[in-house]
Amino acid sequence: MALTVQNFIKLANFYNQTVKTMSAICVKKGGIAQEKYVGRFFAADLLEYIVEYGERLTKENKNVPQDVLNVINLFKKQFEAVHDLVTPSEKPIYEMTLEEFEKMMNI
C-alpha cells in the first residue's frame, strides 16, 4: 500500500466506523462498558497500525495537510491511553497457541 494521505483518511474513517460499531454492540449487549468489551483489543491494534501509518506518512511526505496532521496527533493521544491493550509484539497473535491467546485476551 502506497503511503498516501487518501489511504490514511480511509484508515481513519474505518477506525471511526469501528469505534461506532463497537459502541453500538456494547449497548445492544445490555450496556456493557467498552473497557470490558473483548473487541477493545482489536481497536487498539487497529489504532496502533494507523498511528504508525501516520508517522511514516509524515516522514515520507512533507506536504501533509495540517488537518491530517491534527488527526494523526489526535490518534497518537488516543493510542497512548490504550497502548497496553495491543497484541504483544514479541509474538504475533497468529503464532500463539489457543492457551496463549486466551490468556492474553483474559478469557
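Predicted model only: the values in this text are computed from it and were never measured.

Conventions we followed
- Residues numbered from 1 in each chain as written.
- Predicted model: local features only at pLDDT ≥ 70, side-chain atom pairs only at ≥ 80, totals over all residues.
- Heavy atoms only, no water.
- Helix = DSSP H or I, 4+ residues; strand = E, 2+ residues; numbered from the N terminus.
- Buried < 20%, exposed > 50% of the residue type's maximum accessible area, 1.4 Å probe, protein only.
- Contact = heavy atoms within 4.5 Å.
- 1 Å grid on protein atoms, 1.4 Å probe; cavity = no way out; pocket = protein on both sides within 12 Å on 5 of 7 lines; lining within 4 Å.
- Points joined across faces, edges and corners; volume = space filled by probe spheres on them.
- Nonpolar A, V, L, I, M, F, W, Y, C, P; charged D, E, K, R; others polar.
- Phe/Tyr/Trp six-rings, centres within 6.5 Å; stacked < 30°, edge-to-face > 60°.
- Axes fitted to C-alpha atoms, helices over the stretch in contact; angles between N-to-C directions.
- Parallel < 35°, antiparallel > 145°, perpendicular 65-115°, else oblique.
- Left-handed = near helix turned anticlockwise from the far one by under 90°.
- pLDDT = per-residue confidence, 0-100.

Visitor: So what about the overall build of the protein? Which residues, and what values?
Guide: Along its length, the protein carries four helices and zero strands. Overall size of the protein, expressed as C-alpha extent along the three principal axes, is 45 × 35 × 20 Å. Per-residue burial for the protein yields a buried fraction of 29% across its 107 residues. In the protein, of all internal contacts separated by at least 6 residues, the share reaching a separation of at least 24 is 67%.

Visitor: Please provide a residue-by-residue account of the layout of surface pockets, values included.
Guide: In this structure, the largest pocket occupies an estimated 300 Å³ of space. Every residue lining the largest pocket is counted, 14 residues in all, and those nearest its centre are Tyr15, Gln34, Arg40, Ala43 and Val82. Those elements that provide at least two residues to the lining of the largest pocket are helix H1 (5-28), helix H2 (40-60) and helix H3 (66-82). Residue composition of the lining of the largest pocket, grouped by class: nine nonpolar, two polar and three charged.

Visitor: Summarise the packing of aromatic side chains; cite the residues concerned and give the values.
Guide: Centre distance and the angle of the planes are the two values used to describe a pair of aromatic rings. All told, the structure shown has four aromatic pairs when counted by the stated rule. Ring centres of tyrosine 15 and phenylalanine 75 lie 5.5 Å apart, and the angle between their planes is 80 degrees; this geometry places the pair in the edge-to-face category. Within this pair, whereas tyrosine 15 is found in helix H1, its partner phenylalanine 75 is found in helix H3, the two being separated by 60 residues in sequence.

Visitor: Give a description of the packing of H2 against H3 that names residues and reports values.
Guide: Two elements in contact, H2 and H3, have axes separated by 9 Å at closest approach and are oriented at 140 degrees. On the basis of the axis angle, H2 is oblique to H3. Two packed elements cross with a definite hand, and for H2 against H3 that hand is left-handed. Side by side, H2 and H3 meet where Ala44, Leu47, Glu48, Ile50, Val51, Gly54, Glu55 and Thr58 of the first sit next to Leu69, Ile72, Phe75, Lys76, Gln78, Phe79 and Val82 of the second. Taken together, the residues of the contact of H2 with H3 break down into nine nonpolar, three polar and three charged.

Visitor: Account for the side chain of threonine 18, naming residues and giving values.
Guide: Looking at where threonine 18 falls in the secondary structure, it is placed in helix H1. Setting aside chain neighbours within four positions, we find threonine 18 in contact with Phe42 and Leu46.

Visitor: Talk me through the confidence of the model for the protein; I want residue IDs and the actual numbers.
Guide: For the protein, per-residue confidence averages 87 on the pLDDT scale, and 92% of positions sit at 70 or higher. Mean pLDDT across the elements of the protein ranges from a minimum in helix H4 (residues 98-105), with 80, to a maximum in H1, with 94.

Visitor: Could you give me a rundown of the packing of H1 against H2, with the residues and numbers involved?
Guide: With their axes 10 Å apart at the nearest point, H1 and H2 run at an angle of 160 degrees to one another. Put simply, H1 runs roughly antiparallel to H2. Where H1 crosses over H2, the two elements pack in a sense that is left-handed. Counted together, Val5, Asn7, Phe8, Leu11, Ala12, Phe14, Tyr15, Thr18 and Met22 of H1 and Arg40, Phe42, Ala43, Leu46, Leu47, Tyr49, Ile50, Tyr53, Gly54 and Leu57 of H2 form the full contact between these two elements.

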